[in-house]
Amino acid sequence: MSRSRQPPLVTGISPNEGAPWTKVTIRGENLGTGPADLIGLSICGHNCLLTAEWMSGSKIVCRVGPAKDDKGEIIVSTKSGGNGTSTVSFKLLKTEKIGILDQSAVWVDEMNYYDMRTDRNKGISPLSLRPANPLGIDIDKSKVAQKDLESMFPGMSGDFTSENFSATWYLIENHSSTSFEQLRIAAQNLRKQANKKNDGSLAYVKGGLSTFFEAQDALAAIHQKLEADGTEKVEGSMTQRLENVLNRASDTADTLFQEVLGRKDKADSTRNALNVLQRFKFLFNLPLNIERNIQKGDYDVVINDYEKAKSLFGNTEVPVFRKVYAEVETRITALRRLLLDKLLETPSTLHDQKRYIRYLSDLHAPGDPAWQCIVAQHKWILQLMQNCKDNYVKGQKGLDVEGDLRPSAVTRLSQTASLKRGSSFQTPADASWRFKGPQQVVFAESLTDVVVSQLPNFWKLWISYVNGSLFSETGEKSGQVEKSKKNARQRQNDFKKMIEEVTHRLVKLVRGALLPATLSEPDLRVFGGWEAKTVLTGQWLTQVIHTVRYRTRFPVCVCVSVRESVAGAGRIPNDLLQVIQDLLLDLRVHCLLVTLQQTAEDVKRLAEKEDWVVDNEGVTSLVIKSFFTLFIYFPVCSACVQGRCREAMECKPGEINIFQLERVQDKACELCVGIMKGFINGLEQLSTKAASDTSHLPGDLASPDHFRVQEDFSPTLEQRLLIILSNCQHLERHTFLNLADHFEKHGFLGTEKITRVSIEAVRELDERLFETYIEKKADPIVGSLEPGVYAGYFDWRDCSPPTGVRNYLKEALVNIITVHAEVFTVSKELVSRVLSRIVESVAEEMSRLMQCVSSFSKNGALQARLEICALRDAIASYLTAESNASFKQALEALPQLHSGADKKLLEELLNTFKSSMHLQLACFQPSSVLPVKR
């Protein structure tokens, strides 16, 4: 068939992109001569001829169909020109699926939903009609097993219509390999869907505006046509039939959506009802929540909920609300009673007390809970003190022979409190002394523990009550805070009386146990009861002084703090502050005199108890340490334990120096002089008598600081002399000087007399013992030199060339080394003194022997010079002016060496000697090694 025209050519399309069923205008050339000439129109491969409307040879209007290709050409076919071409293309956009309840301005293809509505007898949930792909991107099913997803997300679901929907599950299941950019597009799609729902009808109208215009034009055209025909009101006319069709369509639509819309209305009604219930859920659940929170101890939550309910429903007129609120008030009343019982319960911590008081204040509890707590704590402290005394008095009557008494519950409570406070109140001794010491001492310790563990919190509670911090942590003013301050001002005197009662009770209980003679008869009947008590030694009295001084100081501080911190509190009576100082003074004087008397007796028996165990400073453990344990004045000496009278002698602020009391000073000086003389006499006895008796110490030494007796050891006479010399040296250099300083520090007169007598006696004893020891050690060594020199008929005038130092000199050095080892074992400080004297004797003897020789041969002179030089070099560390002079005289008596070969031989032989005896001579070298305790 021949064509009379050119093929159609599409040169433009408007719009150039859009969703399916978008109306477009196509422009070009040779688009046909008329509607009948247009035989084909395809856009993106979809036939659009059905919707095409030929306007002219250069314009065609149509709607784009749901093509498979996203982008394609516009092809127009005519009878006159055949198949045409296109210079432009159209981009087809994917449409969003519209639910059956969504508004739409165009007809929706329902094929996607047809399979879900085949069962007409089954109700359909609106959620089930949602699109299968809410993100609007391609679904990429993962290979993760369903069981693995269930284990990873227990109790969750990947179905976005489920109440337990998990977005992570859904993404892993459907988009595990989707790129990040695609996920961003999905997020934008979700935002668009949300915005579309929010836009509502306005967005629907805007999106379908062109459709409304087309419908309006169609209806207007129909109306004009009917008016022209005159049949718009005729029965059975086209308009009447159209109305019937539309009504039937509306009825059918109502029938189809009645179930869905009914369910939607019911859900809206239920939701509104739940919202109303949810609004007042707090009040209805409040009684049960109060019970649960009380059981869990969440009182803050209860108080906050109560305040909220009171502000919302306290004045309500609604009967139901009033009934529920009355139940809440009942629960709160029971809570007030519970908190008050917990507040008055003892024992309790200060933190809990403040917490309960604040709770009761927030709950507007009647009365004054803070003052009630203060009164209860005061009674509790007094009861604890009395129980402590009763427990020890009753336990004393049932003691066994050893006097062992396990601590009561009160003691355990006080011990725990002391540990929590740290080391400031701790005693220096092991805590096991509590089970070994006299009951009066253990009682005093436990009693003060009780007071000190309870009184600080008692005082802090009062201070918090005074400044109002019980009710306001920030210190801000409020009605409750001002009321608390007013009540505190009215009760100042009552609280001071409480402190006075606790302090007087503490002092009288201590006096009843330790100083019963200082109590009146009525007080003794109340606070005594220690008739079967043992006599206390100075060591235990010192422990008591330490306890009373450092632990009962706090009640005084409390009293002063109360006076200074409470405005208008007035002055505290002086006798309240003085009562503890008087107790301390009486205890210190008693401790000092008892200890000195006991020491004077114990020192006399020290010689019988010496075990000869020497420490690293050359001091015997029994003679010196026991002396310091008994004679109590040396707390700074390194060889002693803490002095037993240190506490008694020290004068703390506000205390009287006991040495200012004339009667105390005279008696103490007399006892000290006797102690020193007895001790020095004991040292002299030990130097000449073997200490075979190594029995245990007397029972009065079994104190918190007692030492341990080691295995038996019986030294020789020379060893005893060395040990006593070391003890004397330590006494003179350290002990007596510290004694004088310590006495002067405490204002004790008579120190000079005690020190002078002690040092003179020790020096005399030291000189006698030293000369005795040197005589016993130096004589054998000196006596062996002359026989050794001439052993084997040795002759200085006729001898062979020297090959080394002879054995007699090596033997003498070994004997000196033996003395060195013996002295070093006892005291390193004595080594130089002892060896210097022995070397002087040896040097003097060698000088005498050399001067007695009439003449020397060349070999004899070399041999003599070799031995003298070897001896001098070996003991060079202990040479004195006298020994150097003796060696010089000995060398001057020898012929001089003129030959270089002789000098070289002498040097070689000396080096050989020093090398061969390097190990033996090492002890003569200066060393910082401390002596090893035996």
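## Details of the sheet that holds strand β10 (residues 85-86)
Ordered by their spatial adjacency, five strands build an open sheet running β6-β7-β3-β1-β10, and the pairing between neighbours is mixed. Sheet topology places β6 (53-56) and β10 at the edges, where each strand pairs with a single neighbour. Bridge count between strand β3 (residues 23-29) and strand β7 (residues 59-63): five bridges; the pairing is antiparallel. Across the sheet, I26 pairs through a bridge with I60, a residue of β7.

## Some points on the packing of aromatic side chains
Within this structure, the stated rule accounts for 12 aromatic pairs. With a centroid separation of 4.8 Å and 85° between ring planes, the pair formed by F794 and W796 is classed as edge-to-face. An aromatic cluster of at least three residues, connected via ring pairs, comprises W371, F458, W462, Y465 and F495. Over the face of the ring belonging to F282 we find K308, whose NZ or CZ atom lies 4.6 Å from the ring centre. Sitting above the plane of the F770 ring, R833 keeps its charged end 4.0 Å from the centroid.

## As for the pattern of salt bridges
Side-chain pairs of opposite charge can arise where the charged atoms are in close proximity. Applying the stated rule across the entire model yields 23 salt bridges. We note a salt bridge from R806 to E867, for which the minimum N-O separation is 2.6 Å. Residue R806 is located in the loop between α26 (785-789) and α27 (807-826), and its partner E867 is located in helix α29 (residues 858-874); the two are separated by 61 residues in the primary sequence. Using a relative accessible area of 16% as the deciding quantity, one classes R806 as buried.

## Observations regarding the packing of α29 against helix α30 (residues 881-892)
In contact at an axis separation of 10 Å, α29 and α30 are set at 165° when each is read in the N-to-C sense. Taken together, the axis directions place α29 and α30 in an arrangement best described as roughly antiparallel. Considering only the axes of α29 and α30, their crossing is left-handed. Contacts between α29 and α30 involve R865, I868, C869, L871 and R872 from the former and F887, A890 and L891 from the latter. Grouping the amino acids of the contact of α29 with α30 by side-chain chemistry returns six nonpolar, no polar and two charged.

## With respect to the pairing of β7
Bridging between β6 and β7 involves three bridges; their strand directions are antiparallel. Residue pairing in the sheet places W54 in a bridge with I60 of β7. Hairpin connection, β6 to β7: the antiparallel pair is bridged by two residues.

## Let's talk about the side chain of S464
Take S464: it is sitting in helix α14 (residues 439-467). Within the structure, S464 has its side chain in polar contact with the side chain of K354 (distance 3.2 Å). Those residues in contact with S464, other than ones at most four positions away along the chain, are K354, S469 and L470.

Cut-offs and rules
Residues numbered from 1 in each chain as written. Predicted model: local features only at pLDDT ≥ 70, side-chain atom pairs only at ≥ 80, totals over all residues. Heavy atoms only, no water. Pairing = 2+ DSSP bridges. Helix = DSSP H or I, 4+ residues; strand = E, 2+ residues; numbered from the N terminus. Phe/Tyr/Trp six-rings, centres within 6.5 Å; stacked < 30°, edge-to-face > 60°. Lys NZ or Arg CZ within 6 Å of the ring centre and 35° of its normal. Salt bridge = Lys/Arg side-chain N within 4 Å of Asp/Glu carboxyl O. Buried < 20%, exposed > 50% of the residue type's maximum accessible area, 1.4 Å probe, protein only. Axes fitted to C-alpha atoms, helices over the stretch in contact; angles between N-to-C directions. Parallel < 35°, antiparallel > 145°, perpendicular 65-115°, else oblique. Left-handed = near helix turned anticlockwise from the far one by under 90°. Contact = heavy atoms within 4.5 Å. Nonpolar A, V, L, I, M, F, W, Y, C, P; charged D, E, K, R; others polar. Polar contact = N/O pair within 3.5 Å; in protein donor to acceptor, adjacent residues only side chain to side chain.

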